[in-house]
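What follows is each chain in one-letter form.
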Amino acid sequence: MKKNLLALLLTATLSVGLLAGCGSSSSSSSDASKSSSASGTAASATSDDDKTIKVAASQTPHSEILEQAKPILEKEGYKLEVTVFEDYVQPNNVVESGEFDANYFQHVNYLNSFNKENGTHLVIADNGKIHYEPFGIYGGTKKSLDDIADGDSIAIPNDTTNEARALLLLQQEKLITLKDGVGVTATVNDVKENPHNLKLVEVEAAQVSKQLGSVAFGVINGNYALEAGLNVSKDALATESAEGDAIQQYVNVIAVKDGNQSSPKIKALTDALHSDTIKKYITDHYEGAVVAYDGEQ
């Protein structure tokens, strides 16, 4: 009996040990499986991120042009995500922070000014000059520049670079004269001659069109003119000369954080935006209010 009891106890002990060993092995296998699965998910997420291009943009025309680029990029294996911003600050901030890959809303002079004023590190993507939008003078309470009178008010953008561009256009039309050499750095303080004693009303760029009911004229960015239902080729009383310095200085660009200007997905984006399909869309859809850029990059 003692021998039999001892044998039974030994068998039970071995069985428990084997079961414990199996349980331990099963648990380890499950953990390994979870780890492998998590690793696979992370790898997949990284891969997906590499094929997703997040761009911050203004509504018009930038987001509209980007929408046309989506099918082109899809054929190359990229997913383009576009988020519209209504201001000129956040699109740069979200690229600087790394939250977005690029933005498309600004010209090079504004980009340079923003970097200087905010200590950001944004640059033009390789082949990133996409289009320009001719500035125009639009009628407010008056519908012809021939009707301009002493003391008339003209609304102009108040940010550094767009204000200079507006002033250069007013000078082009001989409404004012600027100090020699100020060029694209001009401010209202650089007005040398103002024969009509015009009142230059400085307002946020997006608000100029909204001031037309209370000023004689307004000088409006191309994108904001479009948003207001104005077309530079049909409605503007005067526009920038295509040969002027302003056009070359104010081409709209794809901006990225320094170091990302030649990444594969940014190259795919700029290639798509320079495609014949996009050029045709810009020409047909905007009728001169937006012009595809073919100059030096």
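Predicted model, so just to flag it, every value in this text is computed and none were measured. In every chain, residue numbers begin from 1 and rise along the written sequence. Confidence filtering applies because this is a predicted model: local features only for residues at pLDDT of at least 70, side-chain atom pairs given and counted only at 80 or more, and all residues used for totals across whole chains, interfaces and linings. The basis for every side-chain value is the complete set of non-hydrogen atoms in the structure, without hydrogens or water.

1. Comments concerning unusual backbone geometry
And then number 1: In this structure, the amide linkage connecting Thr60 to the following residue, Pro61, adopts the cis form with an omega of -5°.
And then number 2: Turning to its location among the elements, Pro61 is positioned in helix 2 (residues 59–75).
And then number 3: The phi torsion at Lys174 lies on the positive side, around 60°, for a residue other than glycine.
And then number 4: Every helix listed is a DSSP run of H or I at least four residues long, and every strand listed is a run of E at least two residues long, numbered separately from the N terminus. In this fold, Lys174 is placed in the loop between helix 5 (160–172) and strand 7 (177–178).
And then number 5: Working definition: with a 1.4 Å probe on protein chains only, accessible area under 20% of the residue-type maximum means buried, over 50% means exposed, and in between means partly exposed. Residue classification places Lys174 among the exposed residues on the basis of a relative accessible area of 69%.
And then number 6: Phi at Glu287 takes a positive value of approximately 50°, unusual for a residue other than glycine.
And then number 7: Relative to the helices and strands, Glu287 is located in the loop between helix 10 (276–286) and strand 13 (291–292).

2. Topic: the pairing of strand 12 (residues 252–257)
And then number 1: Burial analysis of strand 12 places 5 of its 6 residues in the buried class, the great majority of the element.
And then number 2: When DSSP finds two or more bridges between a pair of strands, those strands are recorded as paired. Pairing analysis gives 4 bridges linking strand 3 (residues 102–107) to strand 12, with the strands arranged antiparallel. Paired with Tyr104 across the two strands is Ile254, which belongs to strand 12.
And then number 3: Summarising the sheet, strand 4 (residues 122–132) and strand 12 pair through 5 bridges and their orientation is antiparallel. Paired with Lys129 across the strands is Val253, a residue of strand 12.

3. Comments concerning the environment of Asn127
And then number 1: Along the chain, the position of Asn127 falls in strand 4.
And then number 2: Taking the C-alpha atoms as reference points, Asn127 and Glu296, separated by 169 residues in sequence, lie 9.0 Å from one another.
And then number 3: Once you skip the residues sitting within four places of it in the chain, Asn127 turns out to touch Thr270, Asp271, His274 and Gln297. The contact criterion used throughout is that any non-hydrogen atoms of two residues lie within 4.5 Å.

4. As for the confidence of the model for the protein
And then number 1: As a per-residue measure, pLDDT tells how confident the predictor is, with possible values from 0 to 100. Summarising the model, the protein shows a mean pLDDT of 85, and 81% of its residues fall at 70 or more.
And then number 2: Below pLDDT 50 for its whole length, residues 1–47 participates in 0 contacts with residues either more than four positions away or in separate chains.

5. Here we look at the pattern of salt bridges
And then number 1: For salt bridges, the criterion is a side-chain nitrogen of Lys or Arg within 4 Å of an Asp or Glu carboxyl oxygen. According to the stated counting rule, one finds 9 salt bridges in the structure shown.
And then number 2: Here Glu67 ties to Lys70 by a salt bridge, and the two come within 3.0 Å at their closest N and O atoms. With Glu67 and Lys70 both in helix 2 and 3 residues apart, the pair spans about one turn of that helix.
And then number 3: Exposure remark for Glu67: the relative accessible area of 37% places this residue in the partly exposed category.
And then number 4: Here Asp284 and Lys280 are joined by a salt bridge, their closest N and O atoms 2.6 Å apart.

6. Focus on the packing of aromatic side chains
And then number 1: The criterion for an aromatic pair is that two Phe, Tyr or Trp rings (for Trp, the six-membered ring) have centres within 6.5 Å, with stacked assigned to planes under 30 degrees apart, edge-to-face to planes over 60 apart and tilted to the rest. Evaluated as defined, the whole model comprises 7 aromatic pairs.
And then number 2: When the ring of Phe85 is compared with that of Phe100, the centres are 5.9 Å apart and the planes differ by 75°; the resulting orientation is edge-to-face. In this pair, Phe85 is assigned in the loop between strand 2 (79–84) and helix 3 (90–96) and Phe100 in the loop between helix 3 and strand 3, connecting sequence segments 15 residues apart.
And then number 3: Assessed through its relative accessible area of 17%, Phe85 is described here as buried.
And then number 4: A relative accessible area of 7% means that Phe100 is categorised as buried.
And then number 5: For the ring pair Tyr110 and Phe114, a centre distance of 6.1 Å and an interplane angle of 40° mean the geometry is tilted. Taken together, the residues span about one helical turn, with Tyr110 and Phe114 both in helix 4 (residues 108–118) at a distance of 4 residues.
And then number 6: A relative accessible area of 11% places Tyr110 in the buried class.
And then number 7: Above the ring of Phe100, the side-chain terminus of Lys54 is found at 5.0 Å from the ring centroid. For a lysine, the NZ atom is tested; for an arginine, the CZ atom; a charge sits over a ring if that atom is within 6 Å of the ring centre and within 35 degrees of the ring normal.

7. Side note on the pairing of strand 3
And then number 1: The element strand 3 is largely enclosed, with a buried count of 6 among its 6 residues.
And then number 2: As judged from the 3 bridges shared by strand 1 (residues 52–57) and strand 3, these two strands associate in the parallel manner. Within strand 3, the position partnered with Ala57 by the bridge is Tyr104.

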